[in-house]
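Residues per chain are reported as follows:
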Amino acid sequence: ILLALVVTEGVMGSQVRELTDELAKSHAGAERAEWTAELEGSSTYLAHRSFSWLIVVGTVALLGMIRRGRGRLGWLETAIGLLVFSLMVMGLILAQVGVLQVVQVLHVGAAALLVAALFLWLLATREASG
């Protein structure tokens, strides 16, 4: 379920990225920090921002279940938790400070790592239970 939520969030994130590309063209020379106000008028942006909390709740639930079942988290579960936390921090920076290019690239890269980590975790748990 968490992997499906993250992929859905990624699709919305790519649509937000399209919006920022349009803003870059239409607001050439303007500060990127000013883009946030225009992005907040977009339902796609608001959905992406709000949907992220489902991922946080889903991650906390998943990690809690794993910890109750095994008593500890492995390196992959820890990495998933850290990736979700770092994505939320980067998302807050993008929303509150401005659409900084470096943070934008790191946000996309960390999201790709999260998808890979969740898929690896899914494969590993299926292998272990099968």
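Residues numbered from 1 in each chain as written. Predicted model: local features only at pLDDT ≥ 70, side-chain atom pairs only at ≥ 80, totals over all residues. Heavy atoms only, no water.

Caption draft 1: View of helix H4 (residues 75-96). In this model, H4 (22 residues) spans 31 Å end to end at C-alpha, consistent with the 32 Å of a helix rising 1.5 Å per residue. Restricting attention to buried positions, one finds in H4 the residues Leu76, Glu77, Ile80, Leu83, Val84, Leu87, Met88, Met90, Leu94 and Ala95. (Helix = DSSP H or I, 4+ residues; strand = E, 2+ residues; numbered from the N terminus. Expected span 1.5 Å × (residues − 1). Buried < 20%, exposed > 50% of the residue type's maximum accessible area, 1.4 Å probe, protein only.)

Caption draft 2: Region of the structure containing the packing of helix H3 (residues 43-70) against H4. Closest axis-to-axis distance for the H3/H4 pair is 10 Å, and the angle between their directions is 160 degrees. Judged by the inter-axis angle, H3 sits roughly antiparallel to H4. Along this stretch, H3 crosses H4, giving a crossing that reads as left-handed. Between H3 and H4, the contacting residues are Tyr45, Ser52, Trp53, Ile55, Val56, Thr59, Leu63, Ile66 and Arg70 on the first element and Glu77, Ile80, Gly81, Val84, Met88 and Ala95 on the second. Along the lines of polarity and charge, the residues of the contact of H3 with H4 split into 10 nonpolar, 3 polar and 2 charged. (Axes fitted to C-alpha atoms, helices over the stretch in contact; angles between N-to-C directions. Parallel < 35°, antiparallel > 145°, perpendicular 65-115°, else oblique. Left-handed = near helix turned anticlockwise from the far one by under 90°. Contact = heavy atoms within 4.5 Å. Nonpolar A, V, L, I, M, F, W, Y, C, P; charged D, E, K, R; others polar.)

Caption draft 3: Layout of the environment of Gln101. Structurally, the position occupied by Gln101 is in helix H5 (residues 101-129). For the pair Gln101 and Arg72, spaced 29 residues apart in sequence, the C-alpha to C-alpha distance is 37 Å.

Caption draft 4: Up close: H3. Given a rise of 1.5 Å per residue, 28 residues ought to cover 40 Å, and the 41 Å separating the end C-alpha atoms of H3 matches this to within 8%. Among all positions of H3, only Tyr45, His48, Phe51, Ser52, Ile55, Val56, Thr59, Leu62, Leu63, Gly64 and Ile66 are buried. The backbone nitrogen of Thr44 has a side-chain oxygen 3.2 Å away, supplied by the residue at the start of H3, namely Ser42. Two residues or fewer past H3, Gly71 is found with a positive phi of approximately 90 degrees. (Polar contact = N/O pair within 3.5 Å; in protein donor to acceptor, adjacent residues only side chain to side chain.)

Caption draft 5: Region of interest: the nonpolar core. Counting 27 residues, the largest nonpolar core has Leu2, Val6, Ile80, Leu114, Leu118 and Trp121 as the members making the most contacts within it. For this core, the secondary-structure elements that each account for two or more residues are helix H1 (2-26), helix H2 (35-39), H3, H4 and H5. Top contributing element to this core by residue count: H4, with 9 residues. Discounting residues that sit within four places of it in the chain, Val6 has contacts with Ile55, Leu114, Val115 and Leu118. (Core = buried A, V, L, I, M, F, W, Y, C linked by side-chain atoms within 4.5 Å.)

Caption draft 6: Region of the structure containing the side chain of Ser42. Checked against the element boundaries, Ser42 lands in the loop between H2 and H3. Relative accessible area serves as the criterion here: at 14%, Ser42 is assigned to the buried category. Polar side-chain contacts of Ser42 include one of 3.2 Å to the backbone nitrogen of Thr44.

Caption draft 7: Geometry of the confidence of the model for the protein chain. Averaged over all residues, the pLDDT of the protein chain equals 92, while 98% of them reach at least 70. Here H2 stands out as the element of the protein chain with the lowest mean pLDDT, 82, in contrast to H4, whose mean of 96 is the highest. (pLDDT = per-residue confidence, 0-100.)

Caption draft 8: Layout of the pattern of salt bridges. The tally for this structure, following the rule as stated, stands at 3 salt bridges. Its salt-bridge partner being Arg17, residue Asp21 comes within 3.2 Å of it at the nearest N-O pair. With Asp21 and Arg17 both in helix H1 and 4 residues apart, this pair spans about one turn of that helix. Using a relative accessible area of 37% as the deciding quantity, one classes Asp21 as partly exposed. On the basis of relative accessibility, which here comes to 35%, the residue Arg17 falls in the partly exposed class. Glu40 is paired through a salt bridge with Arg49; the nearest N and O atoms lie 3.3 Å apart. Its relative accessible area of 34% is what places Arg49 among the partly exposed residues. (Salt bridge = Lys/Arg side-chain N within 4 Å of Asp/Glu carboxyl O.)

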